[in-house]
Amino acid sequence: MATKTDWQKSLPKSDWAHFLDTNPLPLSFKSRKEEENFIKELLNDIDSFLLAGKLNRAIDFISLVLCINKAYSLERIKKNGFLRHSRYLNVKNPVPSISTHLIRYKNLFRLSPKEQIYLESLNNFTELYSEIKILHNDILKKIKTCRGFNTPKVPGRLGKLSIIKSLLAINEYNFLTEREAERELYSYQRMNFYTKEEISEGISLLLLMLNERLPINKEDLIFIDYNFINSKIASQLILAACKLRVIKELEISIESFGYVCYHTGEKTIVRQADIDLAKSIELSHIIYKTQTDTDKFYVQQFTKEFPSLKALATEINDKYPNTIELKTIPYKRFRLNIALPIIEFLCKKQIDSFAEEMQMLSHVEKELLIPQENLIKYELSNGFTLYDFILFNRVFVLLYFLFSNKFLEYLNSDNRDITFDAILILFKKNEIVELLEKAGEPSKVEKYLKMICWETGSNEPLDLQYTPIIQKDDYFLVQPSVLANSNTVRNIFPLEAKRRNNFKAGQMPYHEQIPHTLVKSFKEKGFLTGAEFKVTYDSSSQTESDIDFYAFKDGYLFIAECKDTIHSTDAFEYRTTVNVFEKAVSQLDYLNSALSDPSFLKEFCSRTGIEMSEIKQMQFIIVPSVRKLYGYHINGYPVRNVHELTAFVNKGVWNYQIPGEDLLSFRLWAKQDFQVSDLINFCQNNGPHQAFLSSMEEYSVEINKTTEITSYFLNLSAAINNLKQRYKYSIHKSEELMDQN
């Protein structure tokens, strides 16, 4: 391979795109790996040029890598964030110049129409870049006025009033009270547009910005500033951070998920280019929440007679009324008395002993596909299991139940201000270790804290629902309400993956395998089935793979690519989900190619016992573990999650209820018994999912006076009317359904 000096001698001093447009590429590579390594080296140079303001040099190098390998280079440029406006808040923004240059030389770079629209969207995003800068600078300006307070006037003790602890107290308060104001649905500019989870993400962003600029000390974890909490500046800061986070996520959506940004009249519009995909994404959120709420309801019914941590905490408080004591010397405050023997006793109980934990275990089994009996073997790190993690979590959940009712009472009293100080629990290391050792051995305590804590001064991203304990040296500030009311068990999967601890890959034998679940359901309906079928076939893309699941009946061959992934909750996690689906498409393309070859199909039939002449039609399908892309088709392949697919094959019934009305049970099978044609219809674009997708209605959400995001909501009445017109249904009272369960 040519050295840097060699190839640069073949190029002019500047304007490389113009040269490359009329001259051959002055480089050749012996292998794909050598080519990619060379591109990676140039991308490092591009990064340096951009941050140093050397725009023309950066554009030349970008032109070169795109000419070498456009697909790979553009993917890496996006992944590195080179074309995100928000990356350039402290230097001149190069994105408009780069995108304009690339569009100008679209033929040289062989840009597809989709890629051109992406670059045009970057140009149109300039107004939102201005909004990002305004929000960012406004936050920094307000932070400066809040940071560096006078010491509080506390007799016999000095300490700094802390915006850090004040923000954390606001976050804890939101989760403690569990109050959701009446939601504003049409404007990002109002605080009540955001859920408590989204506000928590905004506060997390504020803490990150503070952490980057000024060191967070242990004094920041001690005293809150009541004036700040009650001031307009606190809500203004949080609102600005929530908006900033939304606009940054829009950048990711344009970069990775096919969103476009364009001007129409005086308005700037951001929307998903693929309307069917946009409807599917929004509908997936609705279906997931509805199903989760339904699951919670039935678990509550099942666990009515179970012991309750909440009820137990009430009994303890009645028996020991001094769990929270009001102290006035040397200053007015609440002191929490943690009964370690009670914590130790309760932590000896199995994790399925209490009603509240059964909700979590149900979610783990249904959504993470981990059976309860496997938790004790499922290692998050060497010698530390998911069972251990849940047991340590119980300690803080217990504290939440022990103190929450009294805190809620005190927040409505004359002691409201000092209650804000108390709802966050500050431990020294020896104290938190002693507490957690009631649930497990010291080596496991260290591993738990390493996973659940965010250490100030680190470069690690922060989401307070993922790491609800803030650590500074030997001090630990715990948000018990956040920990108890967040899905920390689910969150530990993407959190540790970002930390390069991809434990899931080594623990897959402890997950319920999607192919085996499908085998069970399909076999009961008379299909000839198989799983994990090895494929060896030469194609232009690969030479070997697996068929995760196949099923054959009545001339129809079903081929499923199964993907076990985590339910994504933000744009960054959703990017991982998209990558998983793209890999599934690639695999099905390969398998489709193989099975379209008569010689391979003959081999496949010989090994599976299927009569080749009986195959009339093949149906390829993507079967993920997550409820994403509801009813959508990617490159012609239907996406049907394992829960809905097995439920359809087993029962063929959808139950829906408009609030205040009777429950309707729709029979999706054409006849009383399951037919293969029912499954074919279920996989089609005009199948039952269309009743809901066609009932999604468009609306706009305002970012500012000139910019809107287009989104969709479900008209449930219209969807049910669509189902009524297509399928037979029966009417049930809610009590009848409860009796069936």
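We now turn to the structure provided with this report. Remember, it's a predicted structure, so these values are computed and weren't measured experimentally.

1. Notes on the nonpolar core
Step number 1: Counting 200 residues, the largest nonpolar core has Phe396, Tyr448 and Phe604 as its most contacted members.
Step number 2: Broken down by element, this core gets its largest block of residues, 18 residues, from helix 17 (residues 386–411).
Step number 3: Residues within four places of Phe604 in sequence aside, it is in contact with Phe533, Ile547, Tyr550, Leu557, Leu595 and Ile610.
Step number 4: If you look at the next biggest cluster of nonpolar residues, it comprises 45 residues, including Phe527, Cys562, Val676 and Phe692.

2. Observations regarding the environment of Pro494
Step number 1: Within the element layout of this structure, Pro494 appears in helix 22 (residues 488–498).
Step number 2: Using a relative accessible area of 12% as the deciding quantity, one classes Pro494 as buried.
Step number 3: Considering only alpha carbons, one finds Pro494 and Ala313, 181 residues apart in sequence, at a separation of 32 Å.

3. Quick look at helix 9 (residues 163–177)
Step number 1: Compared with an ideal rise of 1.5 Å per residue, which puts 15 residues at 21 Å, helix 9 spans 21 Å between its outermost C-alpha atoms and is within 8% of the ideal.
Step number 2: Of all 15 residues in helix 9, 15 are buried, a share of seventy percent or more.
Step number 3: Regarding helix 9, its N-cap is Ser162, as a side-chain oxygen of that residue lies 3.0 Å from the backbone nitrogen of Ile164 further along.
Step number 4: Immediately beyond the C-terminal end of helix 9, within one or two residues, lies Glu178, with a positive phi of roughly 55°.

4. Here we look at the sheet that holds strand 20 (residues 663–667)
Step number 1: Strand order across the open sheet formed by 3 strands is 19-20-23, with antiparallel pairing between neighbours. This sheet does not close on itself; its edge strands, each paired only once, are strand 19 (653–657) and strand 23 (728–732). Pairs of neighbouring strands in the sheet enclose a mean axial angle of 25°, with direction left out of account.
Step number 2: Strand direction decides the pairing type here: strand 20 and strand 23, joined by 5 bridges, are antiparallel. Residue pairing in the sheet places Leu663 in a bridge with His732 of strand 23.
Step number 3: Helix-sheet contacts for helix 30 (residues 716–726) involve strand 19, strand 20 and strand 23, and the interaxial angle to strand 20 is about 40°.

5. Some points on the side chain of Ser695
Step number 1: Structurally, Ser695 is set in the loop between helix 29 (690–693) and strand 21 (696–704).
Step number 2: Here Ser695 falls in the buried class, since its relative accessible area comes to 2%.
Step number 3: Reaching out from Ser695, the side chain makes a polar contact with the backbone oxygen of Ala691 at a distance of 2.8 Å.

6. So, the environment of Asn69
Step number 1: Turning to its location among the elements, Asn69 is positioned in the loop between helix 4 (55–68) and helix 5 (70–79).
Step number 2: For Asn69, a relative accessible area of 14% translates into the label buried.
Step number 3: Distance from Asn69 to Gln189, taken between C-alpha atoms, is 42 Å for residues 120 residues apart in sequence.
Step number 4: Asn69 has contacts with Arg32, Glu35 and Ile39, leaving out every residue within four places of it along the chain.
Step number 5: A distance of 3.4 Å separates a polar atom in the side chain of Asn69 from the backbone nitrogen of Ala71.

7. As for the packing of helix 9 against helix 10 (residues 196–213)
Step number 1: Helix 10 packs onto helix 9 with a crossing angle of 170° between their chain directions and a minimal axis gap of 10 Å. By the criterion of interaxial angle, the relationship of helix 9 to helix 10 is roughly antiparallel. Contacts from Ile163, Ile164, Leu167, Leu168, Ile170, Asn171, Asn174 and Phe175 in helix 9 reach Lys196, Glu197, Ile199, Ser200, Ile203, Leu206, Leu207 and Leu210 in helix 10.
Step number 2: For the contact of helix 9 with helix 10, the class distribution of residues is 11 nonpolar, 3 polar and 2 charged.

8. Here we look at unusual backbone geometry
Step number 1: Residue Asp473 is not a glycine yet carries a positive backbone phi of 55°.
Step number 2: Note on placement: Asp473 falls in the loop between strand 11 (469–472) and strand 12 (475–478).
Step number 3: For Asn635, which is not glycine, the phi dihedral falls at a positive 50°.
Step number 4: Residue position: Asn635 is located in the loop between strand 17 (633–634) and strand 18 (637–638).
Step number 5: The class for Asn635 is exposed, based on a relative accessible area of 60%.

9. Topic: the packing of helix 12 (residues 232–256) against helix 25 (residues 571–595)
Step number 1: Helix 25 packs onto helix 12 with a crossing angle of 15° between their chain directions and a minimal axis gap of 9 Å. One element, helix 12, and the other, helix 25, form an angle in the roughly parallel class. Seen from above, helix 12 lies across helix 25 with right-handed handedness. Only Ala571, Phe572 and Arg575 of helix 25 make contact with helix 12, whose side of the interface consists of Glu249, Ile252, Glu255 and Ser256.
Step number 2: Its residues assigned to classes, the contact of helix 12 with helix 25 comprises 3 nonpolar, 1 polar and 3 charged.

10. Observations concerning the sheet that holds strand 3 (residues 259–264)
Step number 1: Pairing in this open sheet of 4 strands is mixed, and the strands run 3-4-22-21 from one edge to the other. The open sheet has two edge strands with one neighbour each: strand 3 and strand 21. For this sheet, the mean angle separating the axes of adjacent strands, direction not counted, is 30°.
Step number 2: Note that strand 4 (residues 267–272) and strand 22 (residues 707–714) share 3 bridges and pair parallel. From the neighbouring strand, Ile269 faces strand 22, where its bridge partner is Glu708.

11. What to know about a positive patch on the surface
Step number 1: Together, Lys33, Lys40, Lys79 and Arg500 line one region of the surface with positive charge.
Step number 2: Mapped onto the fold, Lys79 is located in helix 5.
Step number 3: By relative accessible area, Lys79 is classed as exposed at 60%.

12. Regarding the pairing of strand 12
Every other side chain in a regular strand lies on the same face of the sheet, so the side chains alternate between the two faces.
Step number 1: As paired elements, strand 9 (residues 425–428) and strand 12 share 4 bridges and run antiparallel to each other. Within strand 12, the residue paired with Lys428 across the bridge is Tyr475.
Step number 2: With 4 bridges connecting them, strand 11 and strand 12 associate as antiparallel partners. Residue Gln471 lies in a different strand from strand 12, and its bridge partner there is Phe476.

13. Some thoughts on the packing of aromatic side chains
Step number 1: Within this structure, the stated rule accounts for 45 aromatic pairs.
Step number 2: Ring geometry for Tyr186 against Tyr699: centres 5.7 Å apart, planes inclined by 90°, an arrangement best described as edge-to-face. A residue pair is termed long-range when its members are at least 10 positions apart, and Tyr186 in the loop between helix 9 and helix 10 and Tyr699 in strand 21 qualify at 513 residues.
Step number 3: The exposure class assigned to Tyr699 is partly exposed, which follows from its relative accessible area of 22%.
Step number 4: Linked through ring pairs, Trp7, Trp16, Phe29, Phe38, Phe49 and Phe61 together constitute an aromatic cluster.
Step number 5: In this arrangement the basic side chain of Lys78 is found over the ring face of Tyr118, its NZ or CZ atom lying 4.3 Å from the centre.
Step number 6: Across the ring face of Tyr466, the terminal group of Lys498 is positioned such that the distance to the ring centre comes to 5.8 Å.

14. Side note on the pairing of strand 15 (residues 556–563)
Step number 1: Of all 8 residues in strand 15, 8 are buried; the element is thus mostly enclosed.
Step number 2: Along strand 15, one buried face is formed by Tyr556, Phe558, Ala560 and Cys562 and the opposite face, lined by Leu557, Ile559, Glu561 and Lys563, is buried too.
Step number 3: Turn length for the strand 14 (residues 544–553)-strand 15 hairpin, with the two strands adjacent in sequence and antiparallel, is 2 residues, and the turn residue Asp554 shows positive phi of about 50°.
Step number 4: Pairing of strand 15 with strand 16 (residues 617–624) involves 8 bridges; the strand directions are parallel. Counted as the bridge partner of Tyr556 is Gln617 from strand 16.

15. Remarks on the pattern of salt bridges
Step number 1: With the rule as written, the count across this model stands at 27 salt bridges.
Step number 2: The partner of Arg245 in a salt bridge is Glu201, and the shortest N-O contact between them spans 2.4 Å. Here Glu201 lies in helix 10 and Arg245 lies in helix 12, a separation of 44 residues in the sequence. For the pair Arg245 and Glu201, one class covers both residues: buried.
Step number 3: Between Arg394 and Glu357 there is a salt bridge; the shortest N-O distance is 2.8 Å. Pair noted here: Arg394 is in helix 17 and Glu357 is in helix 16 (residues 355–367), with a separation of 37 residues, a long-range link. By the burial criterion, Arg394 is buried, and Glu357 matches it.
Step number 4: Salt bridges linked by common partners bring Arg84, Glu255 and Arg575 together as one network.

Calculation criteria
- Residues numbered from 1 in each chain as written.
- Predicted model: local features only at pLDDT ≥ 70, side-chain atom pairs only at ≥ 80, totals over all residues.
- Heavy atoms only, no water.
- Core = buried A, V, L, I, M, F, W, Y, C linked by side-chain atoms within 4.5 Å.
- Buried < 20%, exposed > 50% of the residue type's maximum accessible area, 1.4 Å probe, protein only.
- Helix = DSSP H or I, 4+ residues; strand = E, 2+ residues; numbered from the N terminus.
- Contact = heavy atoms within 4.5 Å.
- Expected span 1.5 Å × (residues − 1).
- Polar contact = N/O pair within 3.5 Å; in protein donor to acceptor, adjacent residues only side chain to side chain.
- Pairing = 2+ DSSP bridges.
- Axes fitted to C-alpha atoms, helices over the stretch in contact; angles between N-to-C directions.
- Parallel < 35°, antiparallel > 145°, perpendicular 65-115°, else oblique.
- Nonpolar A, V, L, I, M, F, W, Y, C, P; charged D, E, K, R; others polar.
- Left-handed = near helix turned anticlockwise from the far one by under 90°.
- Patch = residues over 30% accessible without salt bridge, like charges linked within 9 Å, V, L, I, M, F, W, Y side chains within 5 Å.
- Areas by Shrake-Rupley, 256 points an atom, 1.4 Å probe, with all protein chains shown as cover.
- Salt bridge = Lys/Arg side-chain N within 4 Å of Asp/Glu carboxyl O.
- Lys, Arg positive; Asp, Glu negative; His and termini not counted.
- Charge placed at Lys NZ, Arg CZ, Asp CG, Glu CD.
- Phe/Tyr/Trp six-rings, centres within 6.5 Å; stacked < 30°, edge-to-face > 60°.
- Lys NZ or Arg CZ within 6 Å of the ring centre and 35° of its normal.

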